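As a plain string of letters, each chain reads:
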Amino acid sequence: MARIIFTTAYQVHPALRASYLSLADDMKKYFLDQKNIDFSVYEQQGKENNFSEVFIFETEEEFETYEDGKDEQWKQLEHRLEEYVLDGKMQYSVLVERVE
């Protein structure tokens, strides 16, 4: 079974950094406690306010169905995040583990 890493990268408005970091803590608690999803937020070294969300799924099936569990709290977190992202630009990537 192939594990999947799904990432979302974006830049946060510098003036909103402190509020964003609070939101990042809320997101981590939500995904780990409510959804049992391995989730972390990282800041790019040397590029302040450039963050990446990293989701790790143990199977491709988990990845394919994770958004099916999107509830009202998840939607609210997404809406809050949109307020902090510079120019509304986000980059997404999906990494598939290949083990022979």
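Thresholds, definitions, all that
Residues numbered from 1 in each chain as written. Predicted model: local features only at pLDDT ≥ 70, side-chain atom pairs only at ≥ 80, totals over all residues. Heavy atoms only, no water. Helix = DSSP H or I, 4+ residues; strand = E, 2+ residues; numbered from the N terminus. Rg over C-alpha atoms; globule rule 2.2 N^0.38 Å. Buried < 20%, exposed > 50% of the residue type's maximum accessible area, 1.4 Å probe, protein only. Areas by Shrake-Rupley, 256 points an atom, 1.4 Å probe, with all protein chains shown as cover. Core = buried A, V, L, I, M, F, W, Y, C linked by side-chain atoms within 4.5 Å. Contact = heavy atoms within 4.5 Å. Pairing = 2+ DSSP bridges. Axes fitted to C-alpha atoms, helices over the stretch in contact; angles between N-to-C directions. Expected span 1.5 Å × (residues − 1).

**Remarks on the overall build of the protein chain**
Within the protein chain, the secondary structure is distributed over three helices and four strands. Moving toward the C terminus, one meets the helices and strands of the protein chain in the order β-α-β-β-α-α-β. Taking 2.2 N^0.38 as the reference for a compact globule, 100 residues should give roughly 13 Å; the C-alpha atoms of the protein chain span a radius of gyration of 14 Å, in line with that estimate. In terms of principal-axis extent, the alpha carbons of the protein chain reach across some 45 × 30 × 20 Å. Sorting the 100 residues of the protein chain into buried and exposed places 30% on the buried side. When the accessible surface of the protein chain is totalled, it reaches about 6700 Å², and 45% of it is carbon and sulfur.

**Comments concerning the nonpolar core**
If you look at the biggest cluster of nonpolar residues, it comprises 21 residues, and the most contacted ones within it are Tyr10, Tyr20, Met27, Phe31, Phe55, Phe57 and Tyr66. Listing elements by their share of this core, those giving two or more residues are strand S1 (4–12), helix H1 (17–34), strand S3 (50–57) and helix H3 (72–84). With residues near it in sequence (within four places) discarded, Tyr10 still touches Tyr20, Met27, Asn49, Asn50, Phe51, Glu53, Leu81, Val85, Lys89 and Met90.

**As for the sheet that holds S3**
Read across the open sheet, the four strands follow the order S2-S3-S1-S4; overall the sheet is antiparallel. With one partner strand each, in any of the chains shown, strand S2 (38–43) and strand S4 (85–96) form the two edges of the open sheet. Taken pair by pair, the neighbouring strands of this sheet meet at an average axis angle of 20 degrees, ignoring direction. Two strands pair when backbone bridges link them, and S1 and S4 are joined in this way by eight bridges, in the antiparallel orientation. Its bridge partner being in S4, Tyr10 is matched across the sheet by Met90. The strands touched by H1 within the sheet are S1, S2 and S3, with S2 carrying the most contacts at an inclination of about 160 degrees. Lying over the sheet, H3 contacts S1, S3 and S4, oriented at roughly 120 degrees with respect to S4.

**Describing the side chain of Thr7**
With respect to the helices and strands, the residue Thr7 is situated in strand S1. The class for Thr7 is buried, based on a relative accessible area of 15%.

**Some points on H1**
Between its terminal C-alpha atoms H1 stretches 25 Å, which fits the 26 Å expected from 18 residues at 1.5 Å a residue. Where H1 is buried, its residues meet S1, S2, S3 and H3. Positioned one or two residues after H1, Asn36 has a phi angle of 55 degrees, which is positive.

**Focus: unusual backbone geometry**
Here the phi dihedral of Asn49 falls at roughly 75 degrees; this positive angle occurs in a residue that is not glycine. By secondary structure assignment, the location of Asn49 is in the loop between S2 and S3.

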